[in-house]
Amino acid sequence: MRAESNGTARRILCVFPRYTSSFGTFEHSYPLTDGVRAFMPPQGLLLLAAYLPEDWQVKFVDENLRRATREEFAWAEAVFVSGMHIQRQQMNDICRRAHEFDLPVALGGPSVSACPDYYPSFDYLHVGELGDATNQLLEILSRDTSRPERQVVLTTKDRVPMTEFPIPAYELADVKKYFLGSIQYSSGCPYQCEFCDIPGLYGRNPRIKSPEQIIAELDRLRECGMTDTVYFVDDNFIGNRKAAMDLLPHLIEWQKKTGYVVRLACEATLNIAKRPEILEKMREAYFITIFCGIETPDPDALKAMHKDHNMMVPILEGVQTINSYGMEVVSGIIMGLDTDKPNTSEALLAFVEESRIPLLTINLLQALPKTPLWDRLEKEGRLVDDDGRDSNVDFLLPYDDVVSSWKHAMSVAYEPEKVYARFQYQCDNVYVHRLKMPTPDEMKTWANIRRGLVMLRNIFWKVGVLGDYRRVFWKFALGRIKRGDLEGLIGCTLIAHHLITFARAASSGSQNASNYSIRLREASVPAE
């Protein structure tokens, strides 16, 4: 589905802002690869690019790969931008540069939808998902591309059904330069965790695409060169369990047809461990990773944040169940909760050791607008408006103590020996449960072999020779080499190197303690 044209063609420049360095961007892994420069292709802007009227011209620039040029701004008649809170500073910078060319700039995406007041400089604010507000914006620009006298706010009231979404314009993105591919199946989540803004932004009744749409998108990603891991960016892959079960047989059939050259990953609530019928189908579809928002191992804290569904099975048992289907668990963890105690960091570290989860995104609590947490803390007078802090929450424990506990947890959890021990456990006890199949012919090409050799060269030199934890690395690497598991060696090392490097910066105070922090930093992921 495309927007209708009224006969007036326009030139639109879509610019995606750089990420400020964070735990989840994996930028420290990129130098070990064969040319990866960014995390994932942005769904929002690529969807919008595909939705534009057919006779409109569109260019797409991801500033995580390179900066938009003056020539591109000069070519454009309007600029579209989208992003998350962590990209706020960079979005405002794109707006400033576009205004140097007197171009109207429209901003959409999750950050402006939650906090329109963050962006007073933009000409058009698109609040909400693809829908009638999008059509209004395109109609305005088709009539006039001069900048409006005052900011115009357009709010979606009638959303385009996801079954009518076009395939995102993956062909505009250089997908081979991304760490992961991305795909969206659903929008919304039925749960109401106190800290989460997803129900407020996208609703509690998940909207879904058809299985046929997902297969078409996967085919398009492959046509554009994506052959590694594709991440379902849905906030909860099993938000609609029946829909997930309807999709999985299609994914299994597609994987069999294409030779299982693509690995899949997703986000889901931990209670997926209660659904063996879903886990078995996910294993058959070659899902290898599930991000679960565990948040905390403390039952009292889970109850307080309205995340009781994490206790449908004991947390460690749930992790082990998921692992038994060959899927690694990645976890979100929050510190600074009202239920935290002075020894919370030690309890968290004990959980890390016992769960053997290799990657946990440990964040300080941040109150986001459109969440029950924001509403509660606002009533209690506990929201702090200070851009110099790592959190906007007035914790019950002293702020400096909470930050120190976070730094301590990051430092200890990501000591090289501990990280590699957890990955060794995954190799020995989790990955062995994955599907076993012969290497497809598509992966036996010289180009793919060369790619692997380039990554091994980079890893051996930058970690095995120059790295200060090289003894730990070689102990792990030699074990993988003896077993002929070069794929495990490469995959684990890429992630481990980022975790170790980022955690060192975090524990020294040079990284934000939250992916959502209002503490603005200059983007440290370069656009060259």
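Residues numbered from 1 in each chain as written. Predicted model: local features only at pLDDT ≥ 70, side-chain atom pairs only at ≥ 80, totals over all residues. Heavy atoms only, no water.

Chemist: Can you walk me through a nonpolar patch on the surface in this structure?
Modeler: On the surface, a cluster of nonpolar side chains totalling about 340 Å² of accessible area is made up of Trp446, Ile449 and Leu453. Note that Ile449 resides in helix 16 (residues 446-465). (Patch = residues over 30% accessible without salt bridge, like charges linked within 9 Å, V, L, I, M, F, W, Y side chains within 5 Å. Areas by Shrake-Rupley, 256 points an atom, 1.4 Å probe, with all protein chains shown as cover. Salt bridge = Lys/Arg side-chain N within 4 Å of Asp/Glu carboxyl O. Helix = DSSP H or I, 4+ residues; strand = E, 2+ residues; numbered from the N terminus.)

Chemist: Which parts of the structure should I look at to understand the packing of aromatic side chains?
Modeler: Two descriptors summarise a pair of aromatic rings, namely the distance from one centre to the other and the angle between the planes of the rings. What the rule picks out here adds up to 20 aromatic pairs. Taking 5.4 Å as the distance between ring centres and 55° as the angle between the ring planes, the aromatic pair formed by Phe23 and Tyr414 counts as tilted. Of this pair, Phe23 sits in the loop between strand 1 (11-16) and helix 1 (43-51) while Tyr414 sits in the loop between helix 14 (399-413) and helix 15 (416-429), placing them 391 residues apart in sequence. On the accessibility criterion, Phe23 (3% relative accessible area) is buried. Exposure remark for Tyr414: the relative accessible area of 2% places this residue in the buried category. (Phe/Tyr/Trp six-rings, centres within 6.5 Å; stacked < 30°, edge-to-face > 60°. Buried < 20%, exposed > 50% of the residue type's maximum accessible area, 1.4 Å probe, protein only.)

Chemist: Would you take a moment to explain the confidence of the model for the protein for this structure?
Modeler: Should the pLDDT be low somewhere, the predicted coordinates at that spot are not to be read in detail. Mean pLDDT over the protein stands at 93; residues scoring 70 or higher make up 97%. This stretch, residues 520-528, has a pLDDT under 50; its non-local contacts, to residues over four places away or in other chains, come to 38 contacts. (pLDDT = per-residue confidence, 0-100. Contact = heavy atoms within 4.5 Å.)

Chemist: Explain the environment of Asp298 here, please?
Modeler: With respect to the secondary-structure elements, Asp298 resides in the loop between strand 12 (287-295) and helix 10 (299-304). For the pair Asp298 and Asp386, spaced 88 residues apart in sequence, the C-alpha to C-alpha distance is 29 Å. Those residues in contact with Asp298 that lie beyond four places of it in its chain are Thr339 and Lys341.

Chemist: Explain the packing of helix 8 (residues 241-258) against helix 9 (residues 276-284) here, please?
Modeler: Helices that pack against each other are described as a pair by the angle of their axes relative to one another and the distance between those axes. Contact pair helix 8 / helix 9: the axes reach a minimum separation of 9 Å and the direction vectors enclose 25°. Here helix 9 runs roughly parallel to helix 8, going by the angle between their axes. Read as a crossing pair, helix 8 and helix 9 show a hand that is left-handed. When helix 8 is examined against helix 9, the residues Arg241, Met245, Leu248 and Ile252 are found in contact with a partner set consisting of Glu277, Ile278, Lys281, Met282 and Glu284. Taken together, the residues of the contact of helix 8 with helix 9 sort by class into five nonpolar, no polar and four charged. (Axes fitted to C-alpha atoms, helices over the stretch in contact; angles between N-to-C directions. Parallel < 35°, antiparallel > 145°, perpendicular 65-115°, else oblique. Left-handed = near helix turned anticlockwise from the far one by under 90°. Nonpolar A, V, L, I, M, F, W, Y, C, P; charged D, E, K, R; others polar.)

Chemist: Whenever I open this one, the packing of helix 7 (residues 211-223) against helix 8 confuses me. Can you help?
Modeler: At their nearest, the axes of helix 7 and helix 8 sit 9 Å apart, and the two run at 30° to each other. Viewed along their axes, helix 7 and helix 8 adopt a mutual orientation that is roughly parallel. Every pair of crossing elements has a handedness; the one defined by helix 7 and helix 8 is right-handed. From helix 7, Pro211, Glu212, Ile214, Ile215, Leu218, Asp219 and Arg222 reach across to helix 8, where they touch Asp246, Leu247, His250, Leu251, Trp254 and Thr258. Across the contact of helix 7 with helix 8, the residue classes break down as seven nonpolar, two polar and four charged.

Chemist: Looking at this structure, I do not really get the nonpolar core. What am I missing?
Modeler: The tendency in soluble globular proteins is for nonpolar side chains to be buried as a group. Counting 150 residues, the largest nonpolar core has Phe80, Phe232, Phe237, Leu251 and Phe287 as the members making the most contacts within it. Every residue in contact with Phe237, bar those within four places of it in the chain, is listed here: Tyr185, Phe232, Ala244, Leu247, Leu248, Cys266, Glu267, Ala268, Met282 and Phe287. In terms of nonpolar packing, the next biggest core, distinct from the first, is built from 27 residues, Leu13, Trp75, Val112 and Tyr119 among them. (Core = buried A, V, L, I, M, F, W, Y, C linked by side-chain atoms within 4.5 Å.)

Chemist: I keep staring at helix 16 and nothing clicks. Help me out?
Modeler: Residue pairs spaced three or four apart in an α-helix point in one direction, given the helix's 3.6 residues per turn. Counted at 1.5 Å a residue, the expected span for helix 16 with its 20 residues is 28 Å, and the 27 Å between its end C-alpha atoms agrees. Residues Arg451, Gly452, Val454, Met455, Leu456, Asn458, Ile459, Val463 and Gly464 constitute the buried set of helix 16. Against helix 17 (470-482) and helix 18 (486-507) lie the buried residues of helix 16. (Expected span 1.5 Å × (residues − 1).)

Chemist: What should I look at first to understand the sheet that holds strand 10 (residues 229-232) in this one?
Modeler: In a beta sheet, neighbouring strands pair by backbone hydrogen bonds and run either parallel or antiparallel. As summarised here, the arrangement of the six strands in space is 7-10-11-12-13-14, forming an open sheet in which the pairing is parallel. Only two strands of the sheet have a single partner each, and these edge strands are strand 7 (181-183) and strand 14 (359-364). Strand-to-strand, the axes of this sheet are offset by a mean angle of 20°, without reference to chain direction. Here strand 12 runs beside strand 13 (residues 328-335); their pairing, made up of five bridges, is parallel. Along strand 13, the bridge assignment pairs Ile290 with Val329. Along the sheet, helix 12 (residues 344-355) makes contact with strand 12, strand 13 and strand 14, crossing strand 13 at roughly 180°. (Pairing = 2+ DSSP bridges.)

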